[in-house]
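Given next are the chains, with one letter for each unit.
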Amino acid sequence: MRSKIFMYMFIFMLMLTIFIYVNDKKILEAKQNTIELLDAKVKGLQTENDSLLSKNLDLNYFSLDQNEEAITYFEDRGIDAKELSQKVEDAIISRNRAEDDNELIPFAGMEGVMRINKVKILNHKWIIADFTDGTYWGELLLSYDLDENNNLILNTEKSFLYPQD
């Protein structure tokens, strides 16, 4: 009788061991598959991130913040390029008036007042901006400089009003 009990216990333990082994193996394989999928996803996201960083560098090629020659131009004159950039943007946007068109825009508002919405300083001489009256819109190419007293001089060089569809 004792030998039968030991034999049943042995068989039971053997089956329990096999069950635990098979179950743990399945769990381990599932976790390993999850890790491999996540690794592949991470690699894909790293590739996408690298691509976006490269694209961002290309997009910022024409930007005062990224243009070392333009920054050096201002530094040689004792001017902080970041401060000047903010000063230029503020000066352009501050010309938007509640009742009048922005004087830098050579078009009269047809459906409202023409206002400059967005400004991008390209380098130490050029600015691009977009404007709208709420219905009609266009873009400006502005030049800028500082006089001997560091007063900002803005000139509209070229402008384009897009036709309404």
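Residues numbered from 1 in each chain as written. Predicted model: local features only at pLDDT ≥ 70, side-chain atom pairs only at ≥ 80, totals over all residues. Heavy atoms only, no water.

Examining the sheet that holds strand β3 (residues 137–146)
Moving on, step 1. Spatially, the 4 strands line up as an open sheet ordered β1-β2-β3-β4, and their pairing is antiparallel. What marks the edges here is a single partner per strand, and that holds for β1 (115–121) and β4 (152–161). The mean inter-strand angle of the sheet, taken between neighbouring strand axes irrespective of direction, is 25°.
Moving on, step 2. As paired strands, β3 and β4 are joined by 9 bridges and run antiparallel to one another. When the sheet's bridge partners are listed, L141 is paired in β4 with K158.
Moving on, step 3. Where helix α3 (residues 81–93) meets the sheet, it contacts β1, β2 (126–132), β3 and β4, and its direction lies at approximately 160° from that of β1. (Pairing = 2+ DSSP bridges. Helix = DSSP H or I, 4+ residues; strand = E, 2+ residues; numbered from the N terminus. Axes fitted to C-alpha atoms, helices over the stretch in contact; angles between N-to-C directions. Contact = heavy atoms within 4.5 Å.)

A look at helix α2 (residues 68–76)
Moving on, step 1. Looking at α2, one finds that the buried residues are A70, I71 and F74. Projected down its long axis, α2 carries its buried residues within an arc of 100°, all on one side. Opposite the buried face of α2, at more than 90 degrees from it, the exposed residues are E68, E69, E75 and D76.
Moving on, step 2. In the core, the buried residues of α2 are packed alongside α3 and β3.
Moving on, step 3. Regarding α2, its N-cap is N67, as a side-chain oxygen of that residue lies 3.1 Å from the backbone nitrogen of E69 further along. (Buried < 20%, exposed > 50% of the residue type's maximum accessible area, 1.4 Å probe, protein only. Arc of directions from axis to C-beta. Polar contact = N/O pair within 3.5 Å; in protein donor to acceptor, adjacent residues only side chain to side chain.)

Here's the deal with the pattern of salt bridges
Moving on, step 1. On inspection of all chains with the given rule, the structure shows 3 salt bridges.
Moving on, step 2. Between R77 and D145 there is a salt bridge, and its shortest N-O distance comes to 3.6 Å. With R77 in the loop between α2 and α3 and D145 in strand β3, this pair connects stretches of sequence that are 68 residues apart.
Moving on, step 3. Of the charged contacts in the structure, one is a salt bridge between R95 and E103, with a shortest N-O distance of 2.9 Å.
Moving on, step 4. Relative accessible area serves as the criterion here: at 21%, R95 is assigned to the partly exposed category.
Moving on, step 5. Because the salt bridges share partners, they merge into one network encompassing R77, K125 and D145. (Salt bridge = Lys/Arg side-chain N within 4 Å of Asp/Glu carboxyl O.)

As for the nonpolar core
Moving on, step 1. Ranked by size, the top nonpolar core spans 26 residues in total, and within it F74, V88, I92, I116, I127 and Y144 carry the most contacts.
Moving on, step 2. Where this core is concerned, the elements lending two or more residues are α2, α3, β1, β2, β3 and β4.
Moving on, step 3. With sequence-adjacent residues up to four places away left out, F74 is seen in contact with L64, I79, A81, L84, H124, Y144 and L146. (Core = buried A, V, L, I, M, F, W, Y, C linked by side-chain atoms within 4.5 Å.)

Digging into a negative patch on the surface
Moving on, step 1. Together, E68, E69, E75, D76, D80 and E83 make up a negatively charged patch on the protein surface.
Moving on, step 2. With 4 residues, α2 is the largest single contributor of residues to the negative patch.
Moving on, step 3. With respect to the helices and strands, the residue E75 is situated in helix α2. (Patch = residues over 30% accessible without salt bridge, like charges linked within 9 Å, V, L, I, M, F, W, Y side chains within 5 Å. Areas by Shrake-Rupley, 256 points an atom, 1.4 Å probe, with all protein chains shown as cover. Lys, Arg positive; Asp, Glu negative; His and termini not counted. Charge placed at Lys NZ, Arg CZ, Asp CG, Glu CD.)

Notes on the environment of K118
Moving on, step 1. Tracing the sequence through the fold places K118 in strand β1.
Moving on, step 2. Not counting residues up to four positions away in its chain, the partners in contact with K118 are I128, A129 and D130.

Some details on the packing of aromatic side chains
Moving on, step 1. Tallying each qualifying case throughout the model produces 5 aromatic pairs.
Moving on, step 2. Ring centres of Y73 and F74 lie 5.3 Å apart, and the angle between their planes is 75°; on these two criteria the pair is classed as edge-to-face.
Moving on, step 3. By relative accessible area, which is 26% here, Y73 ends up partly exposed.
Moving on, step 4. Look at F160 and Y162: their rings are 4.7 Å apart centre to centre, the planes differ by 80°, and that puts the pair in the edge-to-face class.
Moving on, step 5. Members of the aromatic cluster, connected to one another through ring pairs, are Y73, F74 and Y144. (Phe/Tyr/Trp six-rings, centres within 6.5 Å; stacked < 30°, edge-to-face > 60°.)

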